[in-house]
Amino acid sequence: MALEISVKPVTTKSEMMDFIKLPWKIYAGDPNWVPPLIFDMKRKFSARHNHFFDHAEGEYFLAYRGSEPVGRITAHLDRNYDEHWGGKTGHFGWIESVNDVAVAKALLEAAADWLRTRGRDKMQGPFNFNINDECGLLIDGFDTPPMFMMTHHPSYYGRMMDELGLEKAQDLYAYRMDTTAEAPEDISRFAEAVRANEDIVVRNWNFKDFDREMDRWLEVYNSAWEKNWGAVLMSEKEFKAHAFEMKYLVDMRLAFFAETKDGEIMGAALTLPNMNEYFQQMNGRVYNALPTLWYSMLVKKKFRSCRVVTLGVKEEFRKTGIGAVFYVDTLNAAKRLGYEWGEMSWILESNDAMNRAIVKMGGEIYKTYRIYETSV
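The shown structure was predicted, so the numbers you read here are calculated from the model rather than taken from an experiment. (Residues numbered from 1 in each chain as written. Predicted model: local features only at pLDDT ≥ 70, side-chain atom pairs only at ≥ 80, totals over all residues. Heavy atoms only, no water.)

Engineer: Describe the overall build of the protein chain, and please don't skip the residues or the numbers.
Structural biologist: Looking only at helices and strands, the protein chain features 12 helices and 15 strands. Its C-alpha atoms give the protein chain a radius of gyration of 21 Å, near enough to 21 Å, the size a compact globule of 376 residues would have. Overall, the protein chain is about 75 × 45 × 35 Å in size when its C-alpha atoms are taken along their principal axes. Here the protein chain holds 376 residues, and 54% of them are scored as buried. Expressed as a percentage of contacts within the protein chain between residues at least 6 apart in sequence, the contacts between residues at least 24 apart total 79%. Element-wise, carbon and sulfur atoms account for 50% of the exposed surface of the protein chain, whose accessible area totals about 17,300 Å². Looking at the protein chain, you have 47 positive and 55 negative side-chain charges, and the mean spots of the two groups are 4 Å apart. (Helix = DSSP H or I, 4+ residues; strand = E, 2+ residues; numbered from the N terminus. Rg over C-alpha atoms; globule rule 2.2 N^0.38 Å. Buried < 20%, exposed > 50% of the residue type's maximum accessible area, 1.4 Å probe, protein only. Contact = heavy atoms within 4.5 Å. Areas by Shrake-Rupley, 256 points an atom, 1.4 Å probe, with all protein chains shown as cover. Lys, Arg positive; Asp, Glu negative; His and termini not counted. Charge placed at Lys NZ, Arg CZ, Asp CG, Glu CD.)

Take a look at the structure:
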């Protein structure tokens, strides 16, 4: 006789460790899975350490078959999202499940129940925890590992979502582009014409002024994408936590700002080495001090791939052409630094201008992630 499936909130430290370590069971034997760093997961799930919870609340659930953990999910409300988009939508995230639709159904029902009792009528996800973090469920492109700060899932997850009646809210695209490619001649000419404009300055980030550079990046981040689907402004405390991490991740040769001649920020482009090439071998464990580890990776390890994380222009400067300069300069810098290929991710399917530009540069969609929604 099959054991009953039950779903319970996480209430103890040992249950939290079961929640954190469940993916090791789900992805056993998957050569493309990149184990998360356990210390980082502890920090993300801690309301004391993760500033997302300064403006949000949530619950963690574990699914059991008998006494064995077989799935997990979070349900959460984000007041910053509510202020931007209204207060009727809640979110789920961090979903993992064995290949049993009954487990996925029980998890999603638990998250929906939690949101319904808090006045929500719609649930979207997965968001880990909001759109500024990892998000989307992989529905195409399972044959390669994920890029740094991107998700990876078994192929049966999408089938279970469809079977349970969840609908697509938005797809997110990841594009691949080899550095052997050349920028199209017309884009290169256009970029040079923009660069020749004395009113525009495109430069690399300045490590000696890193804190101020991160302030400039946040200015672009919260401006350039605030009208995009699902956008949530990043808070100052969340930003400062990201800034600490970025200091040991950013290769300034792959990071660019565009400014007016008077120093007003127009746009920013940020590309990061693919740390997952390193993390995949670590099985979730880090024994070094974090800054030392990241510095060692950047200086001593040669990465094959990189990820274009952000490339944005403030709305009032979108007709200046600086996006073309960012595309060309990023490609040329990656070539010089010895990267073999790069991923541009993620791009909303509804962002027609960005999708057209990447295709024009030679990028091809090789992974698709989906945000689902359902009424609660």
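Engineer: Go over the pattern of salt bridges, please, and point to the residues and values.
Structural biologist: What the rule picks out here adds up to 27 salt bridges. Two residues, Asp186 and Lys360, come together in a salt bridge whose shortest N-O distance is 3.0 Å. In this pair, Asp186 is assigned in helix α6 (residues 185-195) and Lys360 in helix α12 (residues 352-361), connecting sequence segments 174 residues apart. The exposure class assigned to Asp186 is partly exposed, which follows from its relative accessible area of 35%. Across the pair Arg195 and Asp329 runs a salt bridge, and its minimum N-O distance is 2.7 Å. Of the two residues, Arg195 is situated in helix α6 and Asp329 in helix α11 (residues 322-336); the sequence distance between them amounts to 134 residues. What emerges from the salt-bridge pattern is a single network uniting Arg203, Asp209, Glu213, Arg216 and Glu259. (Salt bridge = Lys/Arg side-chain N within 4 Å of Asp/Glu carboxyl O.)

Engineer: Summarise unusual backbone geometry; cite the residues concerned and give the values.
Structural biologist: The omega angle of the peptide bond from Gly125 to Pro126 is 5 degrees, so this bond is cis rather than trans. Relative to the helices and strands, Pro126 is located in the loop between β5 (122-125) and β6 (127-128). Along the chain, Asn128 connects to Phe129 via a cis peptide bond; the corresponding omega equals 15 degrees. Note on placement: Phe129 falls in the loop between β6 and β7 (134-135). Even without being glycine, Trp94 reaches a positive phi, approximately 55 degrees.

Engineer: An account of the packing of α6 against α11 is requested, with residue identities and associated values reported.
Structural biologist: Packed helices, taken two at a time, are described by their axes: the angle between them and the distance between them. Orientation of α6 relative to α11, taken along the N-to-C sense of each, is 115 degrees, at an axis distance of 8 Å. In this structure, α6 crosses over α11, and the sense of that crossing is left-handed. Taken together, the residues of α11 that come into contact with α6 (itself represented by Ile187, Ser188, Phe190, Ala191, Val194 and Arg195) are Ile322, Ala324, Val325, Val328 and Asp329. Residues that form the contact of α6 with α11 fall into these classes: eight nonpolar, one polar and two charged. (Axes fitted to C-alpha atoms, helices over the stretch in contact; angles between N-to-C directions. Left-handed = near helix turned anticlockwise from the far one by under 90°. Nonpolar A, V, L, I, M, F, W, Y, C, P; charged D, E, K, R; others polar.)

Engineer: Any details on the packing of aromatic side chains? Residues and values, ideally.
Structural biologist: Following the criterion strictly, the structure yields 21 aromatic pairs and no others. With centroids separated by 5.2 Å and ring planes inclined at 90 degrees, the aromatic side chains of Phe19 and Phe45 adopt a geometry described as edge-to-face. Here Phe45 lies in the loop between α2 (38-44) and β2 (56-65) and Phe19 lies in helix α1 (residues 13-26), a separation of 26 residues in the sequence. Aromatic pair Tyr27 and Trp33: ring centres 5.2 Å apart, planes at 10 degrees, arrangement stacked. As far as the burial class goes, Tyr27 and Trp33 line up, both buried. Put simply, the rings of Phe19, Phe45, Phe52, Phe53, Tyr60, Trp94 and Phe129 touch in pairs and so form one group of aromatic residues. (Phe/Tyr/Trp six-rings, centres within 6.5 Å; stacked < 30°, edge-to-face > 60°.)

Engineer: Which residues make up the nonpolar core, and what are the values?
Structural biologist: If you look at the biggest cluster of nonpolar residues, it comprises 61 residues, and the most contacted ones within it are Trp205, Met214, Trp217, Val250, Leu270, Ile322 and Phe326. At nine residues, α11 tops the list of elements feeding residues into this core. Those residues in contact with Phe326 that lie beyond four places of it in its chain are Val202, Phe256, Phe257, Ala258, Gly267, Ala268, Ala269, Leu311, Gly312 and Val313. Among the nonpolar cores identified, the runner-up in size contains 31 residues, and Tyr27, Leu77, Ala104 and Leu107 belong to it. (Core = buried A, V, L, I, M, F, W, Y, C linked by side-chain atoms within 4.5 Å.)

Engineer: Outline the pairing of β2, listing residues and values.
Structural biologist: Strand direction decides the pairing type here: strand β1 (residues 5-9) and β2, joined by five bridges, are antiparallel. Looking at the pairing, Ser6 lines up with Tyr64 of β2. When β2 meets strand β3 (residues 68-78), the two strands line up antiparallel, connected through 10 bridges. When the bridges of β3 are listed, Gly58 appears paired with His76. (Pairing = 2+ DSSP bridges.)

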